[in-house]
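Structural features, examined
Here is how the chains run, residue by residue.
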Amino acid sequence: MRWSQAFIPTLRDDPADSEAVSHKLLVRGGYVRQLMSGIYSMLPLGQRVRDKVMAIIREEMNAINGQEFLLPNLHPREIWDRTGRTVSFAEVLMTFDDNKGSPVVLSPTHEEIFATVAGELTSYKQLPQMWYHIQTKFRDEPRPKSGLLRVREFTMKDSYSFDIDEAGLDVQFDNHRNAYLRIFERLGITAVPVAASSGAMGGKESVEFMMQSDIGEDSVVHCANCGYAANREKATSAIPDVDDPPESGALEVFDTPGVRTIADLEVFEGGAVADRQIKTLVYVLDGEFALLLLRGDHALEEQKVQDGTGASEVRPAHEEEIRALLGADAGSLGAVGVDGIPVYADHALSGRSSMTTGANENDKHIRNVDVARDIAVTKWLDLRSVEDGEGCPNCGEPLNLFKAIEVGHIFKLGTFYAEPLGVNVLDEHGKTVPIVMGSYGIGVERNMAASIEANHDDKGIVWPLEIAPFAVVITVIRPDDAATMDTAEALYANLWGRGVEVLLDDRDERPGVKFNDAELIGIPYRVTVGPRGIAEGMCEVVDRRTGESTEIAIDSAADEIAGLLGV
RNA sequence: CGGGCUGUGGCGCAGCUUGGCAGCGCGCCUGCUUUGGGAGCAGGAGGUCGUCAGUUCAAAUCUGACCAGCCCGACCA
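Residues numbered from 1 in each chain as written. Chains lettered and ligands numbered in written order. Predicted model: local features only at pLDDT ≥ 70, side-chain atom pairs only at ≥ 80, totals over all residues. Heavy atoms only, no water.

1. Describing the overall build of chain A
Counting its secondary structure elements, chain A contains 16 helices and 31 strands. Expressed along its principal axes, the backbone C-alpha trace of chain A runs to roughly 100 × 65 × 50 Å. By residue count, 53% of the 567 residues in chain A fall in the buried class. Taking contacts inside chain A between residues at least 6 apart in sequence as the whole, the part at least 24 apart equals 69%. One finds the centroid of the 54 positive side-chain charges in chain A at a distance of 3 Å from the centroid of its 92 negative side-chain charges. (Helix = DSSP H or I, 4+ residues; strand = E, 2+ residues; numbered from the N terminus. Buried < 20%, exposed > 50% of the residue type's maximum accessible area, 1.4 Å probe, protein only. Contact = heavy atoms within 4.5 Å. Lys, Arg positive; Asp, Glu negative; His and termini not counted. Charge placed at Lys NZ, Arg CZ, Asp CG, Glu CD.)

In structure tokens, the structure reads:
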């Protein structure tokens with residue numbers, strides 16, 4: 001491609017509405033343009049990279065016996081009703097009626113449709129199968145952000161495995177885990193597999209691939225010693241026990257005027273330190289009230305409420321609801337003597353005595369609470385959010401807490417979809433059994449952006465060679481000089497002849513403009529051809545990543561560059 | 001959905017307080033000079049000032065409604 005004829009609209013200034021580095025560079029480098037919130041056009045450079053990312057994914061999927069499909073994006077809503085996901089995906093599901101008045105959805109993912117096709121599987125002899133496609137997804141995210149990292153229309157490779165039993169699923173799951181790690185390596189992304197919550201996908205076990213980044217939206221805990229890693233939504237930790245007096249005295253209500261918070265009660269005369277208080281939260285779980293109890297110094301992890309209780313809709317109760325339910329305001333709540341409302345308590349409260357909590361009367365608290373004696377706990381759950389530096393649940397060493405971008409997610413679905421959709425086969429005993437499924441997702445554009453987050457410097461993008469839109473840019477210093485241009489053209493033709501993707505910067509621009517643009521868009525190798533070098537029979541090759549510059553003879557330039565690229 | 005901010009040429013912004021010719025930098029076009037790290041001079045093109053309504057002799061500027069975008073939170077594979 002000749003740059004003079006290419007549409008590469010680079011910008012000198014950062015766009016005003018971007019924060020994330022990858023967003024700024026994708027826009028400035030002429031890779032993408034925004035059409036509306038969370039919806040982007042891929043410009044030619046962006047499309048080239050997208051293609052390469054997809055090619056890598058396709059290769060790795062084919063290598064683990066994947067068969068490529070292309071499933072539709074417009075689905076009858078009825079099939080989503082059957083798996084209950086019209087409800088669990090409600091907020092992000094784009095749905096409307098077609099012209100005949102039939103309800104349809106724009107697909108946010110394809111479990112239902114792949115499972116439907118899998119209905120044609122009839123015998124265990126046909127299993128295992130591994131199917132995938134690379135397709136557009138629509139998710140009406142309430143808050144798109146950070147350029148391509150969180151959007152409403154995007155491309156995802158999603159694969160689905162079909163097995164006769166859990167053992168087969170385990171094999172496919174492992175295959176994917178390994179394939180994903182190879183993909184991320186090729187994309188220049190360091191991703192850690194972590195245990196995660198399955199959320200709205202259904203199923204049991206899931207593993208997310210996390211790339212550490214300050215702009216990430218997830219929090220991950222990781223143990224450098226033993227390798228334990230988990231999403232904070234699911235992570236646990238070892239924390240030291242608190243010493244309580246051996247026995248609680250009699251319950252005692254006492255006045256606490258103006259005390260509304262854990263911190264207030266800590267400094268209040270006759271109060272209690274945070275880890276000897278019980279924090280009582282009122283939540284609404286699928287429309288029903290529930291009390292959540294935590295140690296005073298612990299924070300609630302909402303996803304754990306969902307996972308532990310099976311509720312799909314979880315929200316804090318409103319002020320008025322709390323007052324009507326318990327007769328007091330948040331800050332004076334407690335579970336002592338409460339019945340008729342489910343009480344979910346965090347494990348850290350188990351066996352605790354002489355605790356202090358609210359009395360369900362404003363300005364009053366209760367001391368000497370013995371959890372086992374005084375509170376009717378419906379169910380003990382892990383509800384607590386892990387904090388940085390707490391002990392690893394496996395080895396006890398301090399945990400690291402960091403922010404991360406979710407670059408891939410794989411799920412063991414089990415029979416979550418097969419059962420409601422009736423996807424069964426006959427097993428070797430002639431018995432009808434549901435197929436055991438897995439699903440495995442990786443976002444194409446999100447990974448493009450993540451790769452930039454991980455591979456850039458103050459001048460621009462530093463693409464890994466394998467996904468760069470071009471491998472080489474030939475920067476012609478004086479395109480109006482015939483000898484220079486002829487030399488550049490010859491090198492350009494030679495490299496293309498070897499299958500090297502080359503961009504020829506033949507624009508009538510100052511050298512500085514060309515160098516800066518080449519660095520901004522992140523081409524791995526720049527070859528500078530100018531009259532000064534030609535006079536000595538030399539040209540210059542610069543490595544984008546290291547900045548290292550090498551003078552090479554023009555006569556052997558094509559060979560040397562091909563050698564650098566390994567072609 | 002709650003809170004904050006912003007919509008003025010392709011990009012970045014000023015002008016709005018106090019209503020009165022729509023501006024600046026970059027980019028773009030033409031010409032000349034220049035050319036190994038974002039050139040100089042000269043000439044030029046390009047904007048229903050987010051939309052609609054209102055106030056006014058007069059609205060980018062004041063008022064209202066709406067729309068869009070960004071940030072924080074909620075939410076989220």
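2. What about the protein's contact with RNA strand B?
For RNA strand B, the set of nearby residues contains 44 residues, the closest of which are Arg-139, Arg-143, Arg-150, Met-156 and Glu-302. Considering the 4 Å shell around the protein, atoms of RNA strand B inside it are sugar or phosphate in 52% of instances. One of the side-chain nitrogen or oxygen atoms of Glu-302 is found 2.3 Å away from a phosphate oxygen of RNA strand B. The side chain of Glu-406 places a nitrogen or oxygen atom 2.6 Å from a sugar or linking oxygen of RNA strand B. (Near = heavy atom within 4 Å. Polar contact = N/O pair within 3.5 Å; in protein donor to acceptor, adjacent residues only side chain to side chain.)

3. Quick word on helix H16 (residues 557–565)
Buried within H16 we find Ala-557, Ala-558, Ile-561, Ala-562 and Leu-565. Along the axis of H16, the buried residues cluster in a sector spanning 125°; they form a single face. Where the residues of H16 are buried, they touch strand S27 (472–476), helix H13 (482–497), strand S29 (525–529), strand S30 (538–543) and strand S31 (549–553). Of the residues one or two after H16, Gly-566 is the one with positive phi, at around 70°. (Arc of directions from axis to C-beta.)

4. Examining the nonpolar core
In this structure, Tyr-31, Met-61 and Tyr-180 are the most contacted members of the largest nonpolar core, which totals 58 residues. Of all the elements, helix H2 (residues 44–63) adds the most residues to this core, at seven residues. Each of domain 1 (50–235 + 401–452) and domain 3 (470–565) gives at least three residues to this core. Excluding its chain neighbours within four sequence positions, the residues that come into contact with Tyr-31 are Leu-25, Leu-26, Ser-41, Met-42, Leu-43, Leu-45, Gly-46, Val-49, Ile-461, Trp-463, Pro-469 and Ile-521. Counting 26 residues, the second-largest nonpolar core is a separate cluster that includes Phe-114, Tyr-160, Val-423 and Met-437. (Core = buried A, V, L, I, M, F, W, Y, C linked by side-chain atoms within 4.5 Å. Domains from an automatic or database assignment.)

5. Let's talk about the pairing of strand S7 (residues 129–138)
Across the ten residues of S7, ten count as buried, placing the element largely inside the fold. One ladder, built from three bridges, connects strand S3 (residues 67–69) with S7; its direction is parallel. Within S7, the residue paired with Gln-67 across the bridge is Trp-131. Relative to strand S8 (residues 153–163), S7 runs antiparallel, the two sharing ten bridges. From the neighbouring strand, Tyr-132 faces S8, where its bridge partner is Ser-159. (Pairing = 2+ DSSP bridges.)

6. Some thoughts on the environment of Ala-376
Position of Ala-376 among the secondary structure elements: in the loop between helix H10 (371–374) and strand S20 (379–381). Spatially, the C-alpha atoms of Ala-376 and Phe-515 are 71 Å apart, while their sequence positions differ by 139 residues.

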